[in-house]
Amino acid sequence: EFVTLVSSEGFEFVVERRCANVSGTIRAMLSGTYSESRENCVTFPEISTRVLEKVIEYFHYKLRYSHSSDMPEFKIEPEIALELLMASNFLDA
């Protein structure tokens, strides 16, 4: 099953639901009585395409390496570090 995550610029990312569920916020929105759970689509008016793409990359990274003892470094570009921190805080990821 897939869900759509939409950035502030309107770019749509189609992501596996299990990846999106790495975020506590997204998981709650998709499992509650919110319109997002009926439509399988979550829009983030405050998160840019570049940052949302990096967040989704982290979701995949987290799923792949969460039970691994040999976890490679997750690289973050310094230019987006602050915006990424704020997004990850909001998304509970």
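Residues numbered from 1 in each chain as written. Predicted model: local features only at pLDDT ≥ 70, side-chain atom pairs only at ≥ 80, totals over all residues. Heavy atoms only, no water.

Draft legend 1. Quick peek at the overall build of the protein. Each helix and strand in the protein was counted, giving five helices and three strands. Ordered by position from the N terminus, the helices and strands of the protein form the series β-β-α-α-α-β-α-α. Relative to the compact-globule value of 12 Å for 93 residues, the protein shows a C-alpha radius of gyration of 13 Å, a close match. Within the protein, the fraction of its 93 residues that count as buried is 40%. Long-range pairs, those at least 24 residues apart, make up 59% of the contacts in the protein between residues at least 6 apart in sequence. Element-wise, carbon and sulfur atoms account for 51% of the exposed surface of the protein, whose accessible area totals about 6,000 Å². (Helix = DSSP H or I, 4+ residues; strand = E, 2+ residues; numbered from the N terminus. Rg over C-alpha atoms; globule rule 2.2 N^0.38 Å. Buried < 20%, exposed > 50% of the residue type's maximum accessible area, 1.4 Å probe, protein only. Contact = heavy atoms within 4.5 Å. Areas by Shrake-Rupley, 256 points an atom, 1.4 Å probe, with all protein chains shown as cover.)

Draft legend 2. Examining a nonpolar patch on the surface more closely. A cluster of nonpolar side chains, namely Leu82, Leu85 and Met86, defines an oily patch on the protein surface of about 340 Å² accessible area. Along the chain, Met86 falls in helix 5 (residues 81-91). (Patch = residues over 30% accessible without salt bridge, like charges linked within 9 Å, V, L, I, M, F, W, Y side chains within 5 Å. Salt bridge = Lys/Arg side-chain N within 4 Å of Asp/Glu carboxyl O.)

Draft legend 3. Quick look at the pairing of strand 2 (residues 12-16). In this structure, strand 1 (residues 2-6) lies alongside strand 2, joined through five bridges in antiparallel fashion. Paired with Val3 across the bridge in strand 2 is Val15. Between strand 1 and strand 2, which pair antiparallel and follow one another directly, the connecting turn spans five residues, one of which, Gly10, has a positive phi of 90°. (Pairing = 2+ DSSP bridges.)

Draft legend 4. Molecular detail of the pattern of salt bridges. All told, the structure shown has six salt bridges when counted by the stated rule. Note that Glu79 is salt-bridged to Arg50, the shortest N-O span being 3.2 Å. Highlighted residues: Glu79 in the loop between helix 4 (49-65) and helix 5 and Arg50 in helix 4, separated in sequence by 29 residues. Looking at Glu79, the relative accessible area reads 57%, which means it is exposed. Here Glu77 ties to Lys54 by a salt bridge, and the two come within 3.6 Å at their closest N and O atoms.

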